[in-house]
Amino acid sequence: MTETIFNDLEQVLSGQLKYNEPMSRHTSWRVGGPAEVLVEPSGMVDIKTACEYARDKKIPLTVIGNGSNLLVSDYGIKGMVLKIGKGLSDIEIDNETIMAGAGAKLSRIAAAAGAAGVGGLEFMAGIPGTLGGAVVMNAGAYGKSISQVLKRVSLINQNGQVSCQEQENIIFDYRSSSLQESGLIVTEGVLEGYLRDEKQIKDDMKDMGEKRRSSQPLNYPNAGSVFRNPPGYSAGKLIEESGAKGLRVGDAQVSEKHANFIINLGSATAEDILQLIERVQRMVEKRFGIRLKKEIRVLGRFLR
Ligand SMILES: Cc1cc2nc3c(=O)[nH]c(=O)nc-3n(C[C@H](O)[C@H](O)[C@H](O)COP(=O)(O)OP(=O)(O)OC[C@H]3O[C@@H](n4cnc5c(N)ncnc54)[C@H](O)[C@@H]3O)c2cc1C
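Parameters at a glance
Residues numbered from 1 in each chain as written. Predicted model: local features only at pLDDT ≥ 70, side-chain atom pairs only at ≥ 80, totals over all residues. Heavy atoms only, no water. UniProt positions renumbered as here; feature names shortened; annotations may be inferred. Helix = DSSP H or I, 4+ residues; strand = E, 2+ residues; numbered from the N terminus. Buried < 20%, exposed > 50% of the residue type's maximum accessible area, 1.4 Å probe, protein only. Contact = heavy atoms within 4.5 Å. Areas by Shrake-Rupley, 256 points an atom, 1.4 Å probe, with all protein chains shown as cover. Pairing = 2+ DSSP bridges. Axes fitted to C-alpha atoms, helices over the stretch in contact; angles between N-to-C directions. Domains from an automatic or database assignment. Buried area = accessible area lost by both parts, 1.4 Å probe. Salt bridge = Lys/Arg side-chain N within 4 Å of Asp/Glu carboxyl O. Polar contact = N/O pair within 3.5 Å; in protein donor to acceptor, adjacent residues only side chain to side chain.

- Looking at an unreviewed UniProt entry, the protein chain carries the name UDP-N-acetylenolpyruvoylglucosamine reductase, with the source organism given as Desulfofarcimen acetoxidans.
- Turning to the protein chain, the UniProt annotation filed under Pathway (unreviewed entry) states: "Cell wall biogenesis; peptidoglycan biosynthesis."

## Brief notes about the overall build of the protein chain
Thought 1: Helix and strand content of the protein chain: seven helices and 20 strands.
Thought 2: Seen through its C-alpha atoms, the protein chain measures out along the principal axes to roughly 55 × 50 × 30 Å.
Thought 3: In the protein chain, buried positions account for 51% of the 304 residues.
Thought 4: Look at the contacts in the protein chain between residues 6 or more apart in sequence, and 64% of them connect residues 24 or more apart.
Thought 5: Of the roughly 14200 Å² of accessible surface on the protein chain, a fraction of 46% belongs to carbon and sulfur atoms.

## Focus on the sheet that holds strand E1 (residues 16-22)
Thought 1: Spatially, four strands are ordered E1-E2-E5-E3 in an open sheet, and the strand pairing comes out mixed. Here the strands that pair on one side only, and so sit at the sheet edges, are E1 and strand E3 (61-64). Mean inter-strand twist for the sheet, computed between neighbouring axes without regard to direction, equals 25°.
Thought 2: Where E3 meets strand E5 (residues 77-83), four bridges bridge the pair, whose relative direction is parallel. Considered in E5, the bridge of Ile64 is made with Lys83.

## Details of the domain arrangement of the protein chain
Thought 1: In terms of domains, the protein chain is made up of domain 1 (3-83), domain 2 (88-215) and domain 3 (235-299).
Thought 2: Using only C-alpha atoms to locate each centre, domain 1 and domain 2 end up separated by 24 Å.
Thought 3: Between domain 1 and domain 2, the contact holds 15 residues from the first and 14 residues from the second.
Thought 4: Carbon and sulfur atoms supply 67% of the area buried between domain 1 and domain 2, which totals about 1200 Å² over both sides.
Thought 5: Three residues, Met44, Ile47 and Asn66, lead the burial of domain 1 against domain 2; their summed loss comes to 35% of the area buried on that side.
Thought 6: Along the contact surface separating domain 1 from domain 2 lie zero salt bridges.
Thought 7: Inspection of the domain 1/domain 2 interface yields three residue pairs in polar contact (both at pLDDT 80 or more).
Thought 8: At the level of elements, helix H2 (44-56) and E3 are the ones that each hand at least two residues to the side of domain 1 that touches domain 2.
Thought 9: In terms of residue count, H2 provides more of the side of domain 1 that touches domain 2 than any other element does, six residues in total.

See the structure below:
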């Protein structure tokens, strides 16, 4: 893609547009090469325009939220990256129903619901993603997942057509959903909680936050759990017992605090992280005969 296209887009979008933007600025692992064009839409019209533009010019389109579950290649991402964030982050609460833009952070949604005396979303408070990313990943914690509180989502397809889907028409599984490879973009979600004492909500969120801080290496860039837990097992335990805790490739390290986390000690590359992931997979497979599946999403081209 050329700068001409970039200039072209600048005329029609009202949101932010960045050319050759390092994805390391948009991922919690702080790794990833440049996106040819990164668009931060200011609202629905921008998303529609960007989608139609990408389709007409045959530009590949990648959607991201807060980048907290992504491993982006050191070579970056070809085409357009659409980052759903602030421009779609309004939150409205009506009794026990919460309507939020897909770019709203889960922590903000949980806090707003809590302040309005709506409980049931406490588990979301410490997950550093957006509502859109959480729906697509079926994010969850402490035995609850977003699919249990979701009523419906608004979607837009890559032709710019808008639709609505009820929760029961989306297939949700552990850290996955049928939206994952669908090419559909989540633009809004409706969640349902229940009336609860504000102080109890706050206390629960505080407890969960403390649990996270004591068990997760939050002082280093990371992307949360790297692997899904295989049915009946804890991925962290399997990794620990296969001797991979503390293992390093470059500046990527299997956390000493939580073995299912890989931390960036400073200047890790995406290649380092992927190599480490594959080493861990081999070690666990050799010791237990179980192939760990990645929970994180990998974007872009890698040398293999
Ligand atoms: C410290 C830490 C702790 C974490 N703890 C948890 C946890 O307890 N539980 C948990 O489940 N996860 C956890 N995670 C992982 C991560 O926060 C979640 O998966 C989160 O839901 C990802 O949201 P995101 O907005 O960052 O999405 P991204 O990482 O940007 O994207 C994730 C996927 O969703 C897609 N996507 C994003 N937004 C949209 C959209 N609007 N429309 C369509 N597709 C979209 C992307 O294409 C990608 O496939 C943690 C991560 C970190 C760094």
